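# Structural overview
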Amino acid sequence: MQTITKEENQVLNLIKTNKKENQEKQSYDPIKAVLNISETKLIDAVTTLEKKEFITIDDDLREIKYNNLEQEINIVEDKAALKKYELDKTESEALEIIEKIIDEYSNKAPEYVIEGNLLYGKLKLSTKKTYNILVSLINKEKIKKIENNKVYYYSH
């Protein structure tokens with residue numbers, strides 16, 4: 001499931017509608033005219049749709065080619081809401097991984113194992129994002145940080 005903004009959804013719906021007339025590709029211009037949006041907003045929307053593999057963009061010809069327009073979507077209000085949704089999603093995925101590791105270590109996993117898993121495991125988070133997620137989970141009391149002989153551990 002892909003999460004997109006309302007504006008991106010409007011562009012996607014218009015592309016789907018125009019696909020009936022233009023079977024393989026379509027130009028940017030009719031989309032821009034119908035939606036009455038700026039060139040910058042249109043480029044942002046189609047670039048995002050390309051990253052999420054709905055379409056492919058040919059910048060030289062200013063055309064959109066169809067990939068997978070029928071993907072399941074979740075619509076959020078704007079980019080800020082999208083960022084919050086993705087952070088919440090990442091945080092919940094990280095919590096699942098952390099809880100699994102804590103269980104493997106009999107309810108007391110070493111800090112370096114947790115951090116290493118978030119940095120280099122499935123999520124491949126940045127150092128800053130790893131730190132922010134761990135602090136957030138501690139503040140929400142989802143996990144606890146314990147010090148034992150100058151070594152830090154995480155627990156439920």
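So, a few notes on the structure that sits alongside this text. Everything numeric in this text was worked out from a predicted model, so none of it was measured.

What counts as what
- Residues numbered from 1 in each chain as written.
- Predicted model: local features only at pLDDT ≥ 70, side-chain atom pairs only at ≥ 80, totals over all residues.
- Heavy atoms only, no water.
- Helix = DSSP H or I, 4+ residues; strand = E, 2+ residues; numbered from the N terminus.
- Buried < 20%, exposed > 50% of the residue type's maximum accessible area, 1.4 Å probe, protein only.
- Contact = heavy atoms within 4.5 Å.
- Areas by Shrake-Rupley, 256 points an atom, 1.4 Å probe, with all protein chains shown as cover.
- Lys, Arg positive; Asp, Glu negative; His and termini not counted.
- Charge placed at Lys NZ, Arg CZ, Asp CG, Glu CD.
- Salt bridge = Lys/Arg side-chain N within 4 Å of Asp/Glu carboxyl O.
- Phe/Tyr/Trp six-rings, centres within 6.5 Å; stacked < 30°, edge-to-face > 60°.
- Lys NZ or Arg CZ within 6 Å of the ring centre and 35° of its normal.
- Pairing = 2+ DSSP bridges.
- Axes fitted to C-alpha atoms, helices over the stretch in contact; angles between N-to-C directions.

## Digging into the overall build of the protein
Within the protein, the secondary structure is distributed over six helices and eight strands. Ordering the α and β elements of the protein from the N terminus gives β-α-β-α-α-β-β-β-α-β-α-α-β-β. Once the C-alpha set of the protein is aligned to its principal axes, its extents read approximately 70 × 25 × 25 Å. Across the 156 residues of the protein, 37% fall into the buried class. Sequence-distant contacts, at least 24 apart, represent 58% of the contacts inside the protein between residues at least 6 apart. If you sum the accessible surface of the protein, you get close to 10000 Å²; carbon and sulfur atoms cover 47% of it. Each charge class in the protein was averaged separately, 26 positive and 29 negative side chains, and the resulting centres sit 4 Å apart.

## Some thoughts on the pattern of salt bridges
Opposite charge on two side chains lets them pair, provided their charged atoms get close. Overall, the coordinates contain nine salt bridges when judged by the stated rule. With its nearest N and O atoms 3.0 Å apart, the salt bridge here joins Arg62 to Asp29. One end of the pair, Arg62, is in the loop between β3 (55-58) and β4 (63-66); the other, Asp29, is in helix α2 (residues 28-35), and 33 residues separate them in sequence. In this structure, Lys32 and Glu39 form a salt bridge, with 3.2 Å as the shortest nitrogen-oxygen distance. In this structure Lys32 comes out as partly exposed when scored by relative accessible area, which is 31%. What makes Glu39 partly exposed here is its relative accessible area of 28%. Connected through salt bridges with shared partners, the residues Asp29, Lys32, Glu39 and Arg62 form a single ionic network.

## A closer look at helix α5 (residues 111-120)
Every buried residue of α5 is listed here: Glu111, Val113, Ile114 and Leu118. The elements touched by buried residues of α5 are α4 (79-104), β6 (109-110), α6 (127-139), β7 (144-148) and β8 (151-155).

## Some points on the packing of aromatic side chains
With the rule as written, the count across this model stands at zero aromatic pairs. Taking the ring centre of Tyr153 as reference, the NZ or CZ of Lys108 above it sits at 4.8 Å. For Lys145, the ring lying beneath its charged end belongs to Tyr152, and the centroid distance is 4.7 Å.

## Some remarks on the environment of Glu24
With respect to the helices and strands, the residue Glu24 is situated in the loop between α1 (6-19) and β2 (25-27). Taking relative accessible area as the criterion, Glu24 reaches 66% and is therefore assigned exposed. It is 6.1 Å that separates the C-alpha atoms of Glu24 and Lys65, two residues lying 41 residues apart in sequence. Sequence-distant contacts of Glu24, that is, excluding residues within four places in its chain, are made with Ile64, Lys65 and Tyr66.

## What about the sheet that holds β6?
By way of backbone hydrogen bonds, the strands of a sheet pair with one another, either parallel or antiparallel. Spatially, the three strands line up as an open sheet ordered β6-β8-β7, and their pairing is antiparallel. Edge positions in the sheet fall to β6 and β7, since each of these pairs with one other strand and no more.

## What about the sheet that holds β3?
The strand order across the open sheet built from three strands is β2-β4-β3, with neighbouring strands paired in antiparallel fashion. With one partner strand each, in any of the chains shown, β2 and β3 form the two edges of the open sheet. Ignoring which end each strand starts from, the neighbouring axes of this sheet average 25 degrees apart. Inspection of the sheet shows β3 paired to β4 by four bridges, in the antiparallel sense. Each bridged residue has a counterpart across the sheet, and for Thr56 the counterpart in β4 is Lys65. Contacts from α2 reach β2, β3 and β4, with the element oriented near 60 degrees to β2. Seen against the sheet, helix α3 (residues 39-51) touches β3 and β4 and runs at an angle of roughly 125 degrees to β3.

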